[in-house]
Each structure stands twice: as structure tokens, then as C-alpha cells.
Amino acid sequence: MKVLRLPREIHEARDSLRKTSDVVGLVPTMGYLHEGHVSLLEAARQRCDTVVMSLFVNPAQFRPGEDLDGYPRDEKRDFAIAEEAGVDIVYAPSAEEVYPAGFATTVEVKGLTEVLCGSRDGRRPEHFAGVTTIVAKLLNAVDPDFAFFGQKDAQQATVIGRMAEDLDFRTRIVILPTVRERDGLAMSSRNAYLSAPAREKASAIWSALLETENAYPERGLDEALRAGVRRLEAAGIEPEYFEARYPGTLDPAEDETGEAILVAVAAKVDGTRLIDNILIEPDKQVRRK
Ligand code: AMP
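Values in this document were obtained by computation on a predicted structure and should not be read as measured data.

Engineer: Can you break down the overall build of the chain residue by residue, with the values?
Structural biologist: Looking only at helices and strands, the chain has 10 helices and nine strands in total. A compact globule built from 289 residues would reach a C-alpha radius of gyration of about 19 Å, and the chain, at 19 Å, matches this within 12%. Taking the principal axes of its C-alpha atoms as reference, the chain extends roughly 55 × 40 × 35 Å. For the chain, long-range pairs separated by at least 24 residues make up 73% of all intrachain contacts whose partners lie at least 6 apart in sequence. As displayed, the chain offers around 13700 Å² of accessible surface, 48% of which is attributable to carbon and sulfur atoms. The chain carries 37 positive and 49 negative side-chain charges, and their two centres are separated by 1 Å.

Here you go:
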């Protein structure tokens, strides 16, 4: 496994892969790898000749006062996990290389980034511009045939899909299911922040999403959402949002239209902000009617 640190190095590597007509897959990560990341790496390994994993804690997607400095990092461990998962190239540039003096470009997707995690008051309006800018840079630098992202960050997946389409990236964006702990908590590098009691409490997030899924469509969408929120509140968790939207447009979902519905939640559990979601497929809605 090669570790490359400079955009120039990744360009050179890409040029030589073009000569061998390898199918190249990219898995962008911020490191501190867990089984969720590994599932993306394994999917890439299956579909591609060469797997590139980027490892970069992207300052542009953190707001002042967020956990940029404290974000868990363990490069050595990440390299070992990546190698074990069959990664061929790790691209791990420094912030100075990615954002040199004079850097002045932002890639911003409108609309989709103004709801859920991107809406006003206390949420993260600049966050997605940071994400789309770095993903655009990575797609340009690596020029992969496929790039793999997790459904765990459902809004991010939708935003990146939109950006790739709008900017004529040739890379196919592949979204893979959320990997969970045994009690349902979505795996996340940020779970490392949770104390034992907070960790236990955090499992209510997935229970709340299941509660909503079980209540829908019989009890109607509003009541199904309220049931989910009640489940969270019973565990002492106050959601930032707990909303039903259509996965492609992120428009608010309406009751029983037969379309897939994304129920997405963000909540702080003892100071750690966690997000999760569930996709309620029309099949399920029909089956239960
Ligand atoms: P991160 O390192 O948190 O920026 O995540 C890198 C990629 O892994 C993103 O595409 C995430 O959506 C994905 N990811 C994070 N957690 C999970 C999970 N539990 N299951 C599947 N994919 C995940």
C-alpha cells in the first residue's frame, strides 16, 4: 500500500493507472476508521482494480468551536486497517497542501444544503460547502471511476450526487448502507467521544427511527414522527431535528404518497452531536397497509 501526500503524487499515480486501464475507486474518509468505513473499502475492493482511500480531516467543514482540534486521529491504526481491507493507495495530504495560501474557491450546492444539517440556528450552514469543496478537489485529483459514500450521512450523499451531476464529473457516486453497532447505534468516529452512560443512551436514536418506521403508515406521518421524538425524549435526548423528507430532493415528505421517505435525525447526546436516518421504502408502506 502506497501513502501519497501531495496532489502531484496522486496525479502521477493516476496517470500510470490510466495506462493499465484500471477501474479506480475512491473512498473519502476523515480517518479514525471503523467498520462503516471498512464496508465502503470492501465494496470498492470488489468493484475496482485499484482502491484509493483519502484520509483528510477537512478543516473547511468544521465551524469555529466545533471539534476540529479534538477530532479523533490515529494515522498508524488507519493505515493498518486500510491495508487489511485491500487499499492500494492512501492519499493523506496536509491541510497546507489542500488549502495553500491564496486558496479562494468554494463549491457550493444550493437548496439541498439549506435544510436538515445545513439550516439556520445552531446547525451547520457552512458545513456542506466545506464538504463539496473537498470532495470536488478529491474527485479532480484522483479522477476515480467510482466514489463510495455512506448512507449514514444521507444528506451529504444527496448533496454530493447533485454536485457530481451538476459539474459533469464522470465518477459514479455509489451510496452504501449504514453499518451499526449491535444495539443499532450507527458507527461513527465521533462515538469515541461518548462516555459509557452516553453510549448507552445514544442507542435511543436508532430505536426512535424504528419507532417511526413501525408507526408509519398506519398512524400517519406526523404521529409517526411524534412517536419517534417521544422515544428520544424518554431517553433524555432532545433532537435538533427529526424530520421526514424525500431522499432525492430533501423536500418535506407528505403522508402516504407511496414514495420512499427519509427520516433523518440529529441530536446531541451529552455534548456529542450524532446524526442518523432510516429510509422507509414504499414496499414497506404497501406491505403494512
Ligand atoms: P467520515 O470519515 O466520517 O467523513 O466518513 C467517511 C465515509 O464513511 C462517508 O461517506 C460516511 O458516510 C461513511 N460512513 C461513516 N459512518 C458510516 C457507517 N456507520 N456506515 C456506513 N458508512 C459510514
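The rest of the description comes next.
Engineer: So what's going on with the site of the ligand? Residues and values would help.
Structural biologist: Among the 17 residues in the neighbourhood of the ligand, the closest are listed as Met30, His37, Asp153, Val179 and Met187. Met30 has a polar backbone atom sitting 2.9 Å from an oxygen atom of the ligand. Between the ligand and the protein, one listed contact pairs an oxygen atom with a side-chain N or O atom of His37 at 2.8 Å. Protein contact buries 92% of the 480 Å² of open area that the ligand shows by itself.

Engineer: Could you give me a rundown of the packing of helix 1 (residues 7-19) against helix 5 (residues 127-142), with the residues and numbers involved?
Structural biologist: Working note: a packed helix pair is described by the angle between its axes plus the distance between those axes. Two elements in contact, helix 1 and helix 5, have axes separated by 8 Å at closest approach and are oriented at 45°. One element, helix 1, and the other, helix 5, form an angle in the oblique class. Two secondary-structure elements touch here, helix 1 through Ile10, His11 and Arg14 and helix 5 through Asn140, Ala141 and Val142. In terms of residue class, the contact of helix 1 with helix 5 is built from three nonpolar, two polar and one charged.

Engineer: Could you give an account of the sheet that holds strand 7 (residues 239-245), naming the residues involved and the relevant values?
Structural biologist: On the basis of which strands lie adjacent, the open sheet formed by three strands has the order 7-8-9 and antiparallel pairing. What marks the edges here is a single partner per strand, and that holds for strand 7 and strand 9 (272-280). Between one strand axis and the next, the sheet turns through 10° on average, direction left out of account. Where strand 8 (residues 261-269) and strand 9 come together, nine bridges link them in antiparallel fashion. Bridging across to strand 9, Ile261 finds its partner in Ile280. Against the sheet, helix 9 (residues 221-234) makes contact with strand 7 and strand 8, and its axis sits at roughly 155° relative to strand 7, the strand it touches most.

Engineer: Lay out the packing of helix 5 against helix 6 (residues 154-166) in plain terms, naming residues and giving numbers.
Structural biologist: Two elements in contact, helix 5 and helix 6, have axes separated by 10 Å at closest approach and are oriented at 50°. Taken together, the axes of helix 5 and helix 6 lie oblique to each other. Crossing hand, helix 5 versus helix 6: right-handed. Contact residues: helix 5 offers Phe128, Val131, Thr132, Val135, Ala136 and Leu139, while helix 6 offers Gln155, Gln156, Val159, Ile160 and Met163. Among the residues making up the contact of helix 5 with helix 6, the classes are represented as eight nonpolar, three polar and no charged.

Engineer: Please set out unusual backbone geometry residue by residue, giving values where relevant.
Structural biologist: Here Tyr216 and Pro217 are connected by a cis peptide whose omega angle stands at 10°. If you trace the backbone, Pro217 turns up in the loop between helix 8 (204-215) and helix 9. You will see that Ser21, though not glycine, has its phi angle at about 45°, which is positive. The residue Ser21 is located in the loop between helix 1 and strand 2 (24-29) in this model. Positive phi values are uncommon outside glycine, yet Tyr32 reaches one of about 55°. Checked against the element boundaries, Tyr32 lands in the loop between strand 2 and helix 2 (35-47).

Rules used throughout
- Residues numbered from 1 in each chain as written.
- Predicted model: local features only at pLDDT ≥ 70, side-chain atom pairs only at ≥ 80, totals over all residues.
- Heavy atoms only, no water.
- Helix = DSSP H or I, 4+ residues; strand = E, 2+ residues; numbered from the N terminus.
- Rg over C-alpha atoms; globule rule 2.2 N^0.38 Å.
- Contact = heavy atoms within 4.5 Å.
- Areas by Shrake-Rupley, 256 points an atom, 1.4 Å probe, with all protein chains shown as cover.
- Lys, Arg positive; Asp, Glu negative; His and termini not counted.
- Charge placed at Lys NZ, Arg CZ, Asp CG, Glu CD.
- Near = heavy atom within 4 Å.
- Polar contact = N/O pair within 3.5 Å; in protein donor to acceptor, adjacent residues only side chain to side chain.
- Axes fitted to C-alpha atoms, helices over the stretch in contact; angles between N-to-C directions.
- Parallel < 35°, antiparallel > 145°, perpendicular 65-115°, else oblique.
- Nonpolar A, V, L, I, M, F, W, Y, C, P; charged D, E, K, R; others polar.
- Pairing = 2+ DSSP bridges.
- Left-handed = near helix turned anticlockwise from the far one by under 90°.

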